[in-house]
Structure formats: C-alpha cells, structure tokens
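# Notes for the structure review
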Amino acid sequence: MTQAVRSRPRSALAVARRVAGHLMRGVVMIWVVATISFVIIREIPGDPVLGQYESLIQKGMSPEQAERATAVLYGFLPTGSLWHQYLGYLGSLAHLDLGRSLSTPGVEVTTLIGSAARWTVLPVLAGTLLSFLLGVTMGVYAAIKRSGRLGDLLALSGSLLHGIPVYVIGLLLTAIFATLWPVMPSGGPVDVDFVPGLNAGYVGSLIHHAVLPVVTYTLASYGGWILAMKSNVVAVLGDDFILAAELRGLRRGIVFRYLARNAILPLFTILALSIGMLFGGSIFIEQIFNYPGLGLLLVNSISSRDYALMGGTFLVITIGIVVANIAADLLYTVIDPRVRSGGAT
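## What about the overall build of the protein chain?
A count of helices and strands for the protein chain gives 14 helices and zero strands. The N-to-C order of helical and strand elements in the protein chain reads α-α-α-α-α-α-α-α-α-α-α-α-α-α. Across the 345 residues that make up the protein chain, the buried fraction comes to 38%. When contacts within the protein chain are restricted to residue pairs at least 6 apart in sequence, those whose partners lie at least 24 apart make up 69%.

## Describing the environment of Val214
For Val214, the location among the structural elements is in helix 8 (residues 200-237). Given the relative accessible area of 14%, Val214 is considered buried. Distance from Val214 to Leu125, taken between C-alpha atoms, is 8.7 Å for residues 89 residues apart in sequence. For Val214, the residues in contact, after removing those within four places along its chain, are Pro123, Ala126, Gly127 and Leu130.

## Brief notes about the packing of aromatic side chains
In this description, a pair of aromatic rings is defined by centroid distance and the angle of the planes. Counted according to the given criterion, the structure contains seven aromatic pairs. The interplanar angle of 35° and the centroid separation of 5.3 Å between the aromatic rings of Phe38 and Tyr89 together place this pair among those described as tilted. One end of the pair, Phe38, is in helix 1 (residues 2-43); the other, Tyr89, is in helix 4 (residues 82-94), with 51 residues separating them in the sequence. The exposure class assigned to Phe38 is buried, which follows from its relative accessible area of 2%. A relative accessible area of 9% places Tyr89 in the buried class. Here the aromatic rings of Phe177 and Trp181 are separated by 5.9 Å at their centres, their planes lie at 45°, and the arrangement is tilted. Among the aromatic residues, those joined into a ring-pair cluster are Phe38, Trp83, Tyr86 and Tyr89.

## Here's the deal with the packing of helix 6 (residues 149-163) against helix 8
Two numbers describe how helix 6 lies on helix 8: the axes approach to 7 Å, and their chain directions differ by 135°. Judged on the interaxial angle alone, helix 8 and helix 6 are oblique. In this structure, the crossing between helix 6 and helix 8 has a hand that is left-handed. Residues Leu154, Ala155, Ser157, Gly158, Ser159, Leu161 and His162 of helix 6 form the contact with helix 8, whose own contacting residues are Leu219, Tyr222, Gly223, Gly224, Ile226, Leu227 and Lys230. Its residues assigned to classes, the contact of helix 6 with helix 8 shows seven nonpolar, six polar and one charged.

## Notes on empty space enclosed by the protein
Applying the stated criterion across every chain, the model contains three cavities of 30 Å³ or more. Reported here for the second largest cavity is a volume of approximately 40 Å³. Every residue along the wall of the second largest cavity is listed here: Ser37, Ile40, Ile41, Tyr307, Met310, Gly311 and Phe314.

## What about unusual backbone geometry?
Peptide bonds are trans in most cases, and residues, glycine excluded, mostly fall at negative phi. Positive phi outside glycine occurs at Leu96, with the angle close to 60°. Secondary-structure assignment places Leu96 in the loop between helix 4 and helix 5 (109-144). With phi around 50°, Asn290 is a residue other than glycine that occupies positive phi space.

About the cut-offs
Residues numbered from 1 in each chain as written. Predicted model: local features only at pLDDT ≥ 70, side-chain atom pairs only at ≥ 80, totals over all residues. Heavy atoms only, no water. Helix = DSSP H or I, 4+ residues; strand = E, 2+ residues; numbered from the N terminus. Buried < 20%, exposed > 50% of the residue type's maximum accessible area, 1.4 Å probe, protein only. Contact = heavy atoms within 4.5 Å. Phe/Tyr/Trp six-rings, centres within 6.5 Å; stacked < 30°, edge-to-face > 60°. Axes fitted to C-alpha atoms, helices over the stretch in contact; angles between N-to-C directions. Parallel < 35°, antiparallel > 145°, perpendicular 65-115°, else oblique. Left-handed = near helix turned anticlockwise from the far one by under 90°. Nonpolar A, V, L, I, M, F, W, Y, C, P; charged D, E, K, R; others polar. 1 Å grid on protein atoms, 1.4 Å probe; cavity = no way out; pocket = protein on both sides within 12 Å on 5 of 7 lines; lining within 4 Å. Points joined across faces, edges and corners; volume = space filled by probe spheres on them.

Written as structure tokens, this is what we have:
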C-alpha cells in the first residue's frame, strides 16, 4: 500500500516532466519554422518588404509613415539591421500578429487563416478517422484470414490504394461522380443558394459538398492503415498470451479484441501524426475540389507572392504538426501501461 502511494507522485512527476519536455521541443520547432519563414521573406529576390516600403514612399508617404505601414503589413520593420527586424518579427508573433495580407488588402493574416482552417479541419479529421477505423478493422481480418481469399482481397485492396497518389484518387472520383455520373458537386464548399446557418438546406449542402473530399482523404490513407495493421496482427498472433487465450477456450470475439488492442498500439502515434501531416498535404485535394482550406490558401499566397500570408500559413501548419506529435506521444503513454510503468521507474 505504502509503495503504491509513493509511486503515484513519482508517476505524476514523470508525466509532468514528459509533457514539459514535449512543450519545450514544440516551442523550439515553431521558433525554427518562424525563423526560416522570416529569412525566406528577406532573401527572396526583390525583397518584398523593402519593395513595399519603397512603393509607399513613391506614393507620397514619408519614410516614417512608410516604415510604420510596412511594419503593420509584415509584422516587422523594413529598415534597420536584420537583427532588429527579426526581434520585431518575433515580438509580433508573441502577440499573435502575423501581419496583413497583400492579396487581400486590409485583412489580417490571422483572419484569413482562421477562415480557411475550418474548411480543412473537418474533412481532414473525418477522412483520417474513417480511414483509420476501416483500415484497422479490415487489417485484422486480412491477418486472420491471410491464407484465404478474403485476406488476399483485403491485402490487395490496401496495396492498390496505397500506391495511388492522392490527387489521382481525387481526379478519378471527380470524373466518375461529378462528370460521368453527376450525383455529387464538382467543387466548392457549399451551394450559394442557401442562407448560412443551422438550417437543413445549408447543413445538407455542406455535407453534400464534403462527401468527395472526405472519401478522397479516406481512400488515400486506407491502404497504409490496413497494411500496417495486418503486419502488426501477424506479429501479435505468435505471442504467448494469444496462445494462452485460445487454450483457455475464450470466445473468438475476446481473442479478436486481444489482437486488435495490442496490434493497434503502434498505430496511434501514426494516427496523430497523419492528422497533422494532412494539414500540409491537403493542397491537392483542396485544389481539385476548390475547397477553401489551408492548402488552397497556401497555393494562392504563393502564386500572388503574398509573403505574409505564406509565412503565416506555413507557421500554422507547422503548429498543427507539432501539436499532433505531442498528442501522439501523450496518447501512447495513456493507452500503453508499459510506457507508464517505464516512465515511472
């Protein structure tokens, strides 16, 4: 009893240290990306910051007014040493100020990113979770039935989908369900005929337009999940606890849960990471379906040379990946007792 009570503070302290370590590494990664974005903006031929500053002076502004206006636009001063500009940029980031967009004059970058993020988060989460659940379930069956026709068909479906690029899947779905058999909209997040709000028409249109992007996300990730789960289950099938469960005469459903629970543990880390990575990999899907998410926003910012918006979008995508990485490790600590006991000791 005393030993158990003593181990609780140690375990809590170990978890706190683990979280603090991840947060520190996450802050460092975000700082590195912010620094790289700053350097890229400064090193691009033509120096867009200095170009904007000189353009404002040519329009009649005084150097002081042009300096302040450009500082508001980009988040750091266009004059002075690079070090002072960098410190000003970091100060703006500390106040969550990413500057103002060049392609959308007068609109802050945070406003544009916040508006675009909602069109990326829901399809990415829905597609990733659907592909994870489907791939994990089919992966278990593919491993159990690996010597039969069903296992071969499931493994073949995973191999085929895993080898097809995501943009090809999106184009095929568009060609089939929006052109040859036009039962789905070809692009856009919602029909303009409906009034935004919690009404049946608007919500139904949102769901209708989201079907093809979500299915594309699902099919693009399904192959990797089923192949990984099949491999893990095959490895777990040889463990002693499975043999013991079968010798004790446990029902097949219980044995199935034993298999799934132990084989799925390594995939939770990949699940969280894949959600973060899909925020950056949504470019092709959002271009194909004209979905106004972060991927399409990033493409438009590059084509319009909107460097403030480009740097802000890069930063937000990086933050998503860092947060997903931290969540993956913490989730693995929660679901795997072996990690907790190792951390406590």
